[in-house]
Amino acid sequence: MPELPAEPRRPQNVTDTSSPSAPAGSAFVRRTDAAGEPLRLMAVHAHPDDESSKGAATTARYAAEGVEVLVVTCTGGERGDVLNERYGEVPGGIEGMREVRRHEMAAAAAALGVQQRWLGFVDSGLPEGDPLPPLPEGCFALVGLEDASAPLVEVVREFRPHVMTTYDPTGGYPHPDHVMCHRVAAEAFAAAGDPERYRGHGEPWAPLKLYYNHGFSLARLRAMHEAILEAGGESPFGDWIESRQAREIPEREVTTRIECAAYFDRRDAALRAHATQIDPEGFFFAVPREVELAHWTTEEYELAESRVPVTLPEHDLFAGIAVQPLGSLAPADETTGTDR
Ligand SMILES: [Zn+2]
C-alpha cells in the first residue's frame, strides 16, 4: 500500500479529468466517497479470463489509484476448451481444468493488482450444433435466479461496492453463462440494499451505479481494423466485424470512457496468465501497441443504473460518488505509463 499523506492534498488544475494518470507506485491521495470511505469497485464476470478481456485495464487503473477492486468470477471455467494451440492437453477432465484455471486466475489477478472471489458455480459450456444440445445438469445457467444470486448478494453486502460492472442483457457474447452473469449481477444490484430480500445473507448495502462492459464495440473493432490495415499489417477483425454487422443486434450505447492506456501492459499480462485460453500470438495481441496508443486509449461502458445524479458522457465510473475528480490528484505524467 502506498503511504498516505497526513493531510489530503487539494486538487489542482481540475480541468481535464480524462487524462491518464500515473501507474502504481506513484504518490496519490486515496479518493473517497462523501462519507470518507475508500471507493470500491466490483467487476462481476462469468469465467476466469473474462476479467482480463473486458475492462481489465480499467480495473488495473483504479486499483493502482487506491480504489479497492474486487473481481467476482461466477464459475470455475471448467468446461472451457483449451483455446491456445500451443498449450497442449489439460488432464483430469473438468476437475483438472478447474484446477488449472484457478492458478491462471490467481496470476491474472496479481497482474491487475485486484482482489478476486469465486461464486463456485459450474461452467455451462458453450453449446454448439443445430439443434443446440441441452445444457449440462447442475450448470450455472440452469440454477434458479434467487439461488444463483444469493452468493453474489452476500459478497456485495460484505465488500460494499459503490460501483458494479457486468455484461449487458445479451451477455455481450452468446454464452449462457454470460447471460446468467448479467442476470445475477442485475439482481444483486437491485436487491442487495433491500432488507426484505435475501434475509440471512448479510447486512443490506445498495451499490450506487451499475455498468455494462462495452470494450468490444463495433466502433472499436472497426477503428482497430482500419488502423492495422493503414499501418500495413494484417487484421484479424474483418470476419468478426462482418458477423457483428450481420447479427442485426443494435449497438449498445456507450456513456462512459475510461482512459487506461497506461495499464495496457497489465491487461496484456493478465491475458497471458490465462495460458489455456489465450494464444499469445492470437487476436488479443493483434493490435501493435503503437497503433492502439494512437487510436484507442480507453475502455467503454454503458451506465445501466444509477442511484446518484449523473451527467453523461462520463470519464470516471465514480463520477457523482467520488469527492475528488479522477486524475486530479495523481501526477500528470503521460510518458511513463508502462511497467514492462
Ligand atoms: Zn466467459
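Along each chain, the written sequence defines residue order, and numbers are assigned to residues from 1. Totals for whole chains, interfaces and linings use all residues, but because this is a predicted model, local features are given only for residues with pLDDT of at least 70 and pairs of side-chain atoms are given and counted only at 80 or more.

## Here's the deal with the overall build of the chain
For the chain, the helix and strand inventory stands at nine helices and seven strands. Here a residue counts as buried when 20 or more other C-beta atoms fall within 10 Å of its C-beta, as exposed when 12 or fewer do, and as partly exposed in between; the C-beta atoms come from the backbone. Looking at the chain as a whole, 43% of its 340 residues are labelled buried. Long-range contacts, defined as pairs at least 24 residues apart, comprise 78% of the intrachain contacts of the chain with a sequence gap of at least 6. Each helix is a run of DSSP H or I of at least 4 residues and each strand a run of E of at least 2, with the numbering of both proceeding from the N terminus. Throughout, a pair of residues is in contact if the C-beta atoms placed from their backbones lie within 7 Å.

## A closer look at the sheet that holds strand β2 (residues 68-75)
Strands qualify as paired when DSSP identifies two bridges or more between them. Across the sheet, seven strands lie side by side as β3-β2-β1-β4-β5-β7-β6; this open sheet has mixed pairing. Looking at strand neighbours, the two that pair on one side only are β3 (115-121) and β6 (256-259), the edges of this open sheet. This sheet shows a mean twist of 25° between the axes of neighbouring strands, independent of strand direction. One ladder, built from four bridges, connects β6 with strand β7 (residues 298-306); its direction is antiparallel. Looking at the pairing, Glu259 lines up with Thr298 of β7. Note on geometry: axes are lines fitted to C-alpha atoms, helical ones only across the stretch in contact, with angles between N-to-C directions running from 0 to 180 degrees. Of the strands in this sheet, β1 (40-45), β2, β6 and β7 are in contact with helix α2 (residues 56-64), which crosses β2 at around 145°.

## Brief notes about the UniProt feature "binding site: Zn(2+)" (unreviewed entry) in the chain
UniProt positions are given in the numbering used here, feature names are shortened, and annotations may be inferred rather than shown by experiment. The feature "binding site: Zn(2+)" (unreviewed entry), as given by UniProt, occupies His47, Asp50 and His178 in the numbering adopted here. In three dimensions, the annotated residues from a span of 132 residues occupy one location, with a maximal C-alpha spread of 9.5 Å. With respect to the helices and strands, the residue His47 is situated in the loop between β1 and α1 (50-53). With 26 C-beta atoms packed within 10 Å, His47 lands in the buried category. When near neighbours in sequence (up to four residues on either side) are disregarded, His47 contacts Thr73, Thr75, Gly77, Gly80, Asp123 and Asp177.

## What about the nonpolar core?
Residues Leu41, Met42, Leu112, Leu152, Ala185 and Ala188 are the most contacted members of the largest nonpolar core, which totals 70 residues. In terms of residue count, the dominant contributor to this core is helix α5 (residues 176-191) (eight residues). If we ignore the near neighbours within four places in the chain, the residues touching Met42 are Leu70, Val72, Val156, Phe159, Pro161 and Met164. Membership of the second largest hydrophobic core comes to five residues, among which are Met224, Ile228, Val287 and Trp296. Core membership is restricted to buried Ala, Val, Leu, Ile, Met, Phe, Trp, Tyr and Cys residues, and these are joined into a nonpolar core through C-beta atoms within 7 Å.

## Notes on helix α3 (residues 93-112)
Note on helix geometry: an α-helix contains 3.6 residues per turn, so any two residues three or four positions apart are oriented the same way. Relative to the 28 Å expected for 20 residues at 1.5 Å per residue, α3 spans 29 Å between its end C-alpha atoms, a close match to the ideal helical length. For α3, every residue scored as buried is listed here: Met97, Arg98, Val100, Arg101, Glu104, Met105, Ala108, Ala109, Ala111 and Leu112. Contacts from the buried residues of α3 go to α1, α2, β2, β3 and α8 (264-273). Just downstream of α3 lies Gly113, where phi reads positive at about 75°. For a helix, the expected span equals 1.5 Å multiplied by the number of residues minus one.

## Points about the environment of Val323
Assignment of secondary structure puts Val323 in the segment after β7. Val323 gets classed as partly exposed once you count the C-beta atoms within 10 Å, which come to 14. Considering only alpha carbons, one finds Val323 and Ala35, 288 residues apart in sequence, at a separation of 9.2 Å. The residues touching Val323, leaving out its near neighbours within four places in the chain, are Arg31, Thr32, Asp33 and Ala34.

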